[in-house]
Amino acid sequence: MPRTLLLSIVIAIALTGCGGDDTMQANLADVPTGPLTGLPPCGEAPEPLAEPPEVEGLVLPEGAEITQVTETAPLTNVTAYVERTPVQIRLELEADPELEILVSEDEVLEAELLVTDGEHRTFVKARAICDRASVVVGVVAPEEASDVVPVPTGAAS
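All values derive from a computational prediction rather than experimental measurement. (Residues numbered from 1 in each chain as written. Predicted model: local features only at pLDDT ≥ 70, side-chain atom pairs only at ≥ 80, totals over all residues. Heavy atoms only, no water.)

S.K.: Explain the overall build of the chain to me, using residue names and the numbers behind them.
M.R.: Helix and strand counts for the chain come out as three helices and six strands. In the chain, the succession of α and β elements from N to C terminus is α-α-β-β-α-β-β-β-β. Split into buried and exposed, the 157 residues of the chain put 35% on the buried side. In the chain, the proportion of contacts linking residues at least 24 apart, taken out of those at least 6 apart, comes to 48%. With the model as given, the accessible surface of the chain reaches about 9100 Å², and the carbon-plus-sulfur share is 52%. (Helix = DSSP H or I, 4+ residues; strand = E, 2+ residues; numbered from the N terminus. Buried < 20%, exposed > 50% of the residue type's maximum accessible area, 1.4 Å probe, protein only. Contact = heavy atoms within 4.5 Å. Areas by Shrake-Rupley, 256 points an atom, 1.4 Å probe, with all protein chains shown as cover.)

S.K.: Which residues make up the sheet that holds strand 2 (residues 75-82), and what values do they have?
M.R.: In space, the six strands of this open sheet follow the order 1-2-6-5-4-3, with antiparallel pairing throughout. The open sheet has two free edges, formed respectively by strand 1 (65-72) and strand 3 (100-106), since each of these has just one partner strand. Ignoring which end each strand starts from, the neighbouring axes of this sheet average 15 degrees apart. Across seven bridges, strand 4 (residues 110-116) lies against strand 5 (residues 120-128) in antiparallel orientation. Looking at strand 5, one finds that Thr-116 is bridged to Arg-121. Running at roughly 165 degrees to strand 3, helix 3 (residues 86-94) makes contact with strand 2, strand 3, strand 4, strand 5 and strand 6 (134-142) of the sheet. (Pairing = 2+ DSSP bridges. Axes fitted to C-alpha atoms, helices over the stretch in contact; angles between N-to-C directions.)

S.K.: Requested: an account of a negative patch on the surface, with residues and values cited.
M.R.: Negative charge collects at one region of the surface, where Glu-54, Glu-56, Glu-98, Asp-117, Glu-119 and Glu-144 lie side by side. Note that Glu-54 resides in the loop between helix 2 (21-29) and strand 1. (Patch = residues over 30% accessible without salt bridge, like charges linked within 9 Å, V, L, I, M, F, W, Y side chains within 5 Å. Salt bridge = Lys/Arg side-chain N within 4 Å of Asp/Glu carboxyl O. Lys, Arg positive; Asp, Glu negative; His and termini not counted. Charge placed at Lys NZ, Arg CZ, Asp CG, Glu CD.)

S.K.: Got a sec to walk through helix 3? Specific residues and values, please.
M.R.: All of the buried residues along helix 3 are Pro-86, Val-87, Ile-89, Arg-90 and Leu-93. For helix 3, the buried positions fall inside an angular range of 160 degrees around the axis, keeping them on one side. (Arc of directions from axis to C-beta.)

S.K.: Just give me the short version of the state of the cysteines, but keep the residues and values in it.
M.R.: Here the structure, examined in full by the defined rule, presents one disulfide. Linked covalently through their sulfurs, Cys-42 and Cys-130 form a disulfide whose S-S length is 1.8 Å. Handedness of the Cys-42-Cys-130 disulfide follows from its S-S torsion of about 85 degrees: it is right-handed. Of this pair, Cys-42 sits in the loop between helix 2 and strand 1 while Cys-130 sits in the loop between strand 5 and strand 6, and the two are 88 residues apart along the sequence. The class for Cys-42 is partly exposed, based on a relative accessible area of 29%. The class of Cys-130 is buried, set by a relative accessible area of 5%. (Disulfide = S-S within 2.5 Å.)

Right, dumping it as structure tokens:
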């Protein structure tokens, strides 16, 4: 059986756990979080912005290096690089007690989340670019403008 098919089956089984939240958390603990097979080893990281602007309400994984910021009010778009897989990023953000996860999707090579801190809503999309790192896009707006923040693609509108 090809490794990608086997990995897909394991992920599908892990994410379809039944029972309460404890069962789902136990199943998620079994999801592979190490280097992604089938992707090349990581090369040099992209150059981060020398002085990235502070973006109020932005949610990114710890250690993310901001490479681009664009603002089209009320949205602020941020692109960053982080040495983690999309699965690791999703698990980190889901474990943050200061965030409410509104929608979370994981396709192993890509993860999308819609989160709120009560004052700002952030869409986070992580895409693997090599075996141990991802490009992360964050789109943030004040909660009053939450209707213009993107929603993960598989979520109901």
